[in-house]
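Listed below, chain by chain, are the residues.
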Amino acid sequence: MLLKTLDAYDFVVPPVIRFGPGRIVEIGEVVASLGKRAWLVGSDRGLRQSTAKAQIEKSLSQAGIPWQIVATSCGEPTVDQVAAALAALPGDRSGVVVVAIGGGSAIDLAKAVAAMATNLPAKTSGQDIDYDTAVSDHLEGVGRCLAIQHWPLPLVAVPTTAGTGAEATRNAVISCPRRRLKKSMRSWMMVPRAAIVDPQLTVSCDRATTAATGLDCITQLIESFVCRFKRPLPRALALDGLVQAVRALPRVLRDPTDLEARGAMSHAALLSGMALANAGLGMAHGVAAALGVECGTPHGVACALMLPVAIRVNSPVASADFAMLERSIDPAASTDDGIAAAALLTRIQRLCLEAGVPQRLSDVGLRRERLDWLAENSGGSSLRGNPVEIDPASLREILAAIY
């Protein structure tokens, strides 16, 4: 893609990234550079069952950082969970650094807590803050659509899965089951101030989580590379990350203790977060969000189900980009764009089969009569980035073909 003279773009990533096996022992030093106390937010596995728990506590103690757990995620974060966490926060927030430990859901919960802690409405005399409304009003397309105006509390992200790239993104995805929606709280100020990416923390992930998060990563890399908002820097990152991920994921699925492959997946996930945060996504992610609302389908599983479809749908206008990706993976791939793009599709289909993810919408519990709803509610920023413009009627036909 030739950069035009007048092209302009922004590029925002965590100011500090510490990557590599064993880097979790440096968390105390990183937190101490940003504040004086730590509020921990994370998944149950990340906070209580992780083998790194003792290392985290020891590192924070050695750095003289007192800490306390302020919220624990349970599945993908909801408005209610964020509101409950905010209502229970200690009053004194001076010198606080929020530390997120877990997968994408835990990191998104921490991002929302860190952002809302400094952007809550002022208390009026005799009235308590309506935390539920405050959170909802800061989601895209919901309530008053308020922007994040004040800097969030500093956030250090420690991913324990390799897939979402949430440690490098500028948004937090929040669901509201009552209103049947899943939306983002978004601001460039929400990018974590530091990310500690230690592949050893992902070794305890079960196969299903490894497969789903890995395919989420691959979906993010491909969609950010071809989306209509594509940019040079994100494309360069996506190109490198995809080569790493498609080679490493099968190895991890076959041998979960393969630390070299785990490292490649963690690296690819980090790059996928940087890429999507500074470009965009596409149809697979647009449908995945709505599928999560309707069927409770885990995000990575939904993305994996939709990725081959998205490649097929976008090939008429993006075959050159798909071909470039395939040639990066396999230098011996065809010089014909159509043939190489088809080879990429075949490669992804085989990887999805090896991972054992669902192949059809009926496999995740979608009822046929809900196809119209799914098509109507798969919009948002992700679908706007899709290379091929798709209206609800066209999307309904696409979805019906994979029911």
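Here, every reference points to the structure presented above.
Only a predicted model underlies this, so the values are computations on that prediction, with no experimental measurement involved.

Definitions and limits used
- Residues numbered from 1 in each chain as written.
- Predicted model: local features only at pLDDT ≥ 70, side-chain atom pairs only at ≥ 80, totals over all residues.
- Heavy atoms only, no water.
- Axes fitted to C-alpha atoms, helices over the stretch in contact; angles between N-to-C directions.
- Helix = DSSP H or I, 4+ residues; strand = E, 2+ residues; numbered from the N terminus.
- Parallel < 35°, antiparallel > 145°, perpendicular 65-115°, else oblique.
- Left-handed = near helix turned anticlockwise from the far one by under 90°.
- Contact = heavy atoms within 4.5 Å.
- Nonpolar A, V, L, I, M, F, W, Y, C, P; charged D, E, K, R; others polar.
- Phe/Tyr/Trp six-rings, centres within 6.5 Å; stacked < 30°, edge-to-face > 60°.
- Lys NZ or Arg CZ within 6 Å of the ring centre and 35° of its normal.
- Salt bridge = Lys/Arg side-chain N within 4 Å of Asp/Glu carboxyl O.
- Buried < 20%, exposed > 50% of the residue type's maximum accessible area, 1.4 Å probe, protein only.
- Patch = residues over 30% accessible without salt bridge, like charges linked within 9 Å, V, L, I, M, F, W, Y side chains within 5 Å.
- Areas by Shrake-Rupley, 256 points an atom, 1.4 Å probe, with all protein chains shown as cover.
- Pairing = 2+ DSSP bridges.

Chemist: Looking at this model, I keep getting lost on the packing of helix α7 (residues 207–226) against helix α9 (residues 259–277). Mind explaining?
Modeler: Interaxial distance between α7 and α9 falls to 9 Å at its minimum, and their mutual angle equals 45°. The pairing of α7 with α9 is recorded here as oblique in orientation. For the pair α7 and α9, the crossing hand works out as left-handed. Taken together, the residues of α9 that come into contact with α7 (itself represented by T210, G214, C217, Q220, L221 and S224) are R262, M265, A268, A269, L271, S272, A275 and L276. Here the residues of the contact of α7 with α9 sort into eight nonpolar, five polar and one charged.

Chemist: Teacher, can you tell me more about the packing of aromatic side chains here?
Modeler: Given two aromatic rings, their pairing is described by the distance between the two centres and the angle made by the two planes. Applying the stated criterion across every chain, the model contains one aromatic pair. Residue placement shows R180 over the ring face of W373; its charged tip is 5.2 Å from the ring centre. Here the guanidinium or amino end of R235 rests over the ring plane of F225, the centre of that ring lying 4.0 Å away.

Chemist: I keep staring at the pattern of salt bridges and nothing clicks. Help me out?
Modeler: Between side chains of opposite charge, pairing is possible as soon as their charged atoms come close. Applying the stated criterion to the full structure yields 21 salt bridges. In this structure, the salt-bridge partner of R251 is D258, at a minimum N-O distance of 3.0 Å. If you follow the salt bridges from partner to partner, you end up with R18, R23, E26 and E29 in one network.

Chemist: Teacher, can you tell me more about the side chain of S175 here?
Modeler: Among the secondary structure elements, S175 is positioned in strand β6 (residues 171–176). On the basis of relative accessible area, S175 is assigned to the buried category, the value being 11%. Each residue touching S175, except ones within four places of it in the same chain, is listed here: E76, P77, T78, V79, L181 and K182.

Chemist: Even after reading the chapter, I still don't get the environment of V317, so can you show me in this structure?
Modeler: Relative to the elements of secondary structure, V317 occurs in helix α11 (residues 299–329). With residues up to four places along the chain from it excluded, the contact list for V317 reads P387 and V388.

Chemist: How do you make sense of a nonpolar patch on the surface when you look at a structure like this?
Modeler: Side chains of Y9, F11 and L233 sit close together on the surface and give an oily, nonpolar patch of about 240 Å² of accessible area. You can see Y9 is positioned in the segment before β1 (16–19). A residue is classified by how much of its surface remains accessible, and Y9, at 36% relative accessible area, is partly exposed.

Chemist: How should the sheet that holds strand β2 (residues 37–43) be read in this particular structure?
Modeler: Each strand in a sheet pairs with its neighbour through backbone hydrogen bonds, running either in the same direction (parallel) or in the opposite one (antiparallel). Strands sit in the order β1-β8-β5-β4-β2-β3 across an open sheet of six strands; the sheet is parallel. Of all the strands in the sheet, just β1 and β3 (67–73) have a single pairing partner and so form its edges. Sheet twist, expressed as the mean angle between neighbouring strand axes with direction ignored, is 15°. Across four bridges, β1 lies against strand β8 (residues 194–197) in parallel orientation. Within the sheet, the bridge partner assigned to V16 lies in β8 and is A194.

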